[in-house]
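As a plain string of letters, each chain reads:
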Amino acid sequence: VGEVWQHHNLRLAYIAQHSMHHLEASLENTPLQYIQNRFYMGRDKELAKMSTMALTEEDKAQMEGRGAIIKVQGRQTRSG
């Protein structure tokens, strides 16, 4: 009963009512501009602002040091 087609560049986003604090800074933007700004380069800017994503001093110290690789698992080999 009709025809359904989807454009190859179609992108959808869902914004819950509990996400209104994210929208306050973008009240003058269109929905498209909001999505483009928030997910620029495929990264969610709001997720990066969350306190659980913040690095502690211990995390930063571990990032500065060198790691010790014990074993590499799951490496694929190509036959030549």
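Rules and cut-offs
Residues numbered from 1 in each chain as written. Predicted model: local features only at pLDDT ≥ 70, side-chain atom pairs only at ≥ 80, totals over all residues. Heavy atoms only, no water. Helix = DSSP H or I, 4+ residues; strand = E, 2+ residues; numbered from the N terminus. Buried < 20%, exposed > 50% of the residue type's maximum accessible area, 1.4 Å probe, protein only. Areas by Shrake-Rupley, 256 points an atom, 1.4 Å probe, with all protein chains shown as cover. Salt bridge = Lys/Arg side-chain N within 4 Å of Asp/Glu carboxyl O. Polar contact = N/O pair within 3.5 Å; in protein donor to acceptor, adjacent residues only side chain to side chain.

Draft legend 1. Focus on the overall build of the chain. For the chain, the helix and strand inventory stands at four helices and zero strands. The secondary structure elements of the chain, listed N-terminal to C-terminal, are α-α-α-α. For the chain, the proportion of its 80 residues judged to be buried stands at 9%. For the chain, the exposed area adds up to about 8,600 Å²; of that, 53% sits on carbon and sulfur atoms.

Draft legend 2. Structural detail: the pattern of salt bridges. Applying the stated criterion to the full structure yields two salt bridges. A salt bridge links R38 to D44; its shortest N-O distance comes to 2.8 Å.

Draft legend 3. Local environment of the side chain of R38. Position of R38 among the secondary structure elements: in helix α2 (residues 31–38). Its relative accessible area of 16% is what places R38 among the buried residues. Separated by 2.8 Å, the side chains of R38 and D44 make a polar contact.

Draft legend 4. Focus on unusual backbone geometry. We note that M41 has phi near 60°; this positive angle belongs to a residue other than glycine. Tracing the sequence through the fold places M41 in the loop between α2 and α3 (45–49). On the accessibility criterion, M41 (61% relative accessible area) is exposed.

Draft legend 5. How the structure looks around the environment of L12. One can find L12 in the segment before α1 (20–23). Looking at L12, the relative accessible area reads 78%, which means it is exposed. Each C-alpha atom, one on L12 and one on I35, is 9.4 Å from the other, the two residues being 23 residues apart in sequence.

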